[in-house]
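Structural overview
One-letter residues, chain by chain:
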Amino acid sequence: MRSKTMVGLVVMSLMLAGCAGAHYRISADRLKYPTSLSPVLPDGQGKPLYLGEDLQPVGEFSFNRGSVGYLYGMTGTTIDLSDNLNGEVERWQGEGIVRLSLTAKNCASSWLFPLTVLPFYPGCQDLAVTGTVVTRKRASENQGRTMP
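Computed from a prediction, not measured in an experiment: that's the story for all the values here. (Residues numbered from 1 in each chain as written. Predicted model: local features only at pLDDT ≥ 70, side-chain atom pairs only at ≥ 80, totals over all residues. Heavy atoms only, no water.)

Examining the overall build of the chain
When helices and strands are counted, the chain shows 2 helices and 7 strands. Seen in sequence order, the chain has helices and strands lined up from the N terminus as α-β-β-β-β-β-α-β-β. Looking at the 148 residues of the chain, the share that counts as buried comes to 30%. The long-range share in the chain, meaning contacts at least 24 apart out of those at least 6 apart in sequence, stands at 79%. For the chain, the computed accessible surface area is about 9400 Å², with 60% contributed by carbon and sulfur atoms. (Helix = DSSP H or I, 4+ residues; strand = E, 2+ residues; numbered from the N terminus. Buried < 20%, exposed > 50% of the residue type's maximum accessible area, 1.4 Å probe, protein only. Contact = heavy atoms within 4.5 Å. Areas by Shrake-Rupley, 256 points an atom, 1.4 Å probe, with all protein chains shown as cover.)

See the structure below:
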């Protein structure tokens, strides 16, 4: 009986080992420019504009945001990317963003067992944001391209 109890405690400890963490909601409600996870943006009439054909890159960006959580990650925040994304388009004098990528990773403190078992121990997440700022190619740059 004693060995079953010990096995149960070990299993429970291993299950709780990864409890520290954080969660967040991502928003960009005040975004002023068209943004896409793909290499395509729509024009004013809804026609797709393709990176390399109709759109040219003018800059690439990367920034990080973080979130801290307590009570095993039950507390959370909202990370609004609007100001960062608008700022990147304005900095590069672009018209939109393509290939937006969001990558979430645990911070190093989320791996410090047995501290992660404690409900007041902060867990954290890092959010890496990357993308390409684009403008439309001028008509002279699209010469010779046949339209369907």
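What about the environment of Val134?
Mapped onto the elements, Val134 comes out in strand S7 (residues 123-136). Distance in space between the C-alpha atoms of Val134 and Asp54 is 9.8 Å, their sequence separation being 80 residues. When residues no more than four places from it in sequence are discounted, the contact partners of Val134 are Leu41, Leu51, Leu55, Gln56, Pro57, Val58, Gly94, Glu95, Gly96, Ile97 and Val98.

Examining the pairing of S7
The element S7 is largely enclosed, with a buried count of 10 among its 14 residues. Summarising the sheet, strand S6 (residues 96-106) and S7 pair through 9 bridges and their orientation is antiparallel. Note that in S7 the partner of Thr103 across the bridge is Ala128. (Pairing = 2+ DSSP bridges.)

Some points on the environment of Lys105
Among the structural elements, Lys105 can be located in strand S6. When its relative accessible area of 54% is taken as the criterion, Lys105 is described as exposed. As for Lys105 and Asp126, which are separated by 21 residues in sequence, their C-alpha atoms are 5.3 Å apart. If near-sequence neighbours (up to four positions away) are discounted, Lys105 is found in contact with Cys124, Gln125 and Asp126.

Considerations on the nonpolar core
Counting residues in hydrophobic clusters, the biggest one holds 12 residues: Tyr24, Phe61, Phe63, Ile79, Leu81, Leu85, Val89, Ile97, Leu100, Leu127, Val129 and Val133. Listed by contribution, the elements that provide at least two residues to this core are strand S4 (55-69), helix H2 (82-91), S6 and S7. Per-element tally for this core: the top contributor is S7, with 3 residues. Discounting residues that sit within four places of it in the chain, Ile97 has contacts with Pro34, Thr35, Ser36, Leu41, Phe61, Leu85, Val89, Thr132, Val133 and Val134. Judged by nonpolar contacts, the second largest core, of 5 residues, contains Leu49, Leu55, Val98 and Val134. (Core = buried A, V, L, I, M, F, W, Y, C linked by side-chain atoms within 4.5 Å.)

A short note on the environment of Asp54
Secondary-structure assignment places Asp54 in the loop between strand S3 (48-50) and S4. For the pair Asp54 and Asp43, spaced 11 residues apart in sequence, the C-alpha to C-alpha distance is 10.0 Å.

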